Amino acid sequence: MALQAGSAKFSEANAALRQQGRDATLREATAGARLVAFSETSIRGYERQEAELIEWGAALAREANITLVVPLYLSADAADGLDRNLLVVLDPDGNVVLR
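The model shown is predicted, which means the values in this text are computed figures rather than measured ones.

Peer 1: How do you make sense of the nonpolar core when you look at a structure like this?
Peer 2: The nonpolar side chains of soluble globular proteins are, as a tendency, buried together. Ranked by size, the top nonpolar core spans 19 residues in total, and within it Phe-38, Ile-43, Leu-68, Val-70, Leu-72 and Leu-90 carry the most contacts. The set of elements that each furnish at least two residues to this core consists of α2 (50-64), β3 (67-75) and β4 (84-90). Ranked by residues supplied to this core, first place goes to α2 with seven residues. Residue contacts for Ile-43: discarding those within four places in its chain leaves Arg-18, Phe-38, Leu-53, Trp-56, Val-70, Pro-71, Leu-72 and Tyr-73.

Peer 1: I'm lost on unusual backbone geometry in this one. Help?
Peer 2: Trans is the common state for peptide bonds, and a negative phi is the common state for residues other than glycine. Its identity is not glycine, yet Thr-41 carries a phi of approximately 65°, on the positive side. Topologically, Thr-41 is positioned in the loop between β1 (35-37) and β2 (43-46). Here Thr-41 falls in the partly exposed class, since its relative accessible area comes to 27%. Look at Asn-65: it is not a glycine, yet its phi comes out positive at around 55°. Turning to its location among the elements, Asn-65 is positioned in the loop between α2 and β3. Since its relative accessible area comes to 55%, Asn-65 is described here as exposed.

Peer 1: Hey, could you run me through the packing of helix α1 (residues 8-30) against α2 in this one?
Peer 2: Each packed pair of helices is defined by two parameters, the angle between the axes and the distance between the axes. With their axes 10 Å apart at the nearest point, α1 and α2 run at an angle of 25° to one another. Judged by the inter-axis angle, α1 sits roughly parallel to α2. The chirality of how α1 crosses α2 is right-handed. On the side of α1, the interface is formed by Arg-18, Arg-22, Thr-25, Leu-26 and Ala-29, while α2 contributes Leu-53, Trp-56, Leu-60, Glu-63 and Ala-64. Partitioning the contact of α1 with α2 into residue classes produces six nonpolar, one polar and three charged.

Peer 1: What is the right way to look at the environment of Leu-87 in this model?
Peer 2: Among the structural elements, Leu-87 can be located in strand β4. A relative accessible area of 39% places Leu-87 in the partly exposed class. The spatial distance from the C-alpha of Leu-87 to the C-alpha of Leu-98 is 7.7 Å, given a sequence separation of eleven residues. Setting aside residues no more than four positions away along its own chain, Leu-87 makes contact with Val-69, Val-70, Pro-71, Leu-98 and Arg-99.

Peer 1: Explain α1 here, please?
Peer 2: For α1, which comprises 23 residues, the first-to-last C-alpha distance of 33 Å matches the rise-based estimate of 33 Å (1.5 Å per residue) to within 8%. Among the residues making up α1, those that are buried are Phe-10, Asn-14, Arg-18, Gly-21, Thr-25 and Ala-29. For α1, the elements touching its buried residues are β1, β2, α2 and β3. One or two residues past the end of α1 sits Gly-32, with phi positive at roughly 110°.

Parameters and conventions
- Residues numbered from 1 in each chain as written.
- Predicted model: local features only at pLDDT ≥ 70, side-chain atom pairs only at ≥ 80, totals over all residues.
- Heavy atoms only, no water.
- Core = buried A, V, L, I, M, F, W, Y, C linked by side-chain atoms within 4.5 Å.
- Buried < 20%, exposed > 50% of the residue type's maximum accessible area, 1.4 Å probe, protein only.
- Helix = DSSP H or I, 4+ residues; strand = E, 2+ residues; numbered from the N terminus.
- Contact = heavy atoms within 4.5 Å.
- Axes fitted to C-alpha atoms, helices over the stretch in contact; angles between N-to-C directions.
- Parallel < 35°, antiparallel > 145°, perpendicular 65-115°, else oblique.
- Left-handed = near helix turned anticlockwise from the far one by under 90°.
- Nonpolar A, V, L, I, M, F, W, Y, C, P; charged D, E, K, R; others polar.
- Expected span 1.5 Å × (residues − 1).

And the structure:
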């Protein structure tokens, strides 16, 4: 069963995926990784959450002291809008170095 964008379960599933990604990133950083790249569409949200999701990635890059590659899949806020893919690369200080 697919989760429909806008539903509470969709939001919960996305939060769970971000937590899994955070846990895996910290585990890999502890093992010595200097760069972690998430797979396409693994971090999802809405267009209105773009800044929030980038800050989430920046905080994780700082915490893990790594370069982080975060592809974001952003669902359109308007029913007739188009979804977007966005790639953000963050340095260990949490700065956006590519967008």
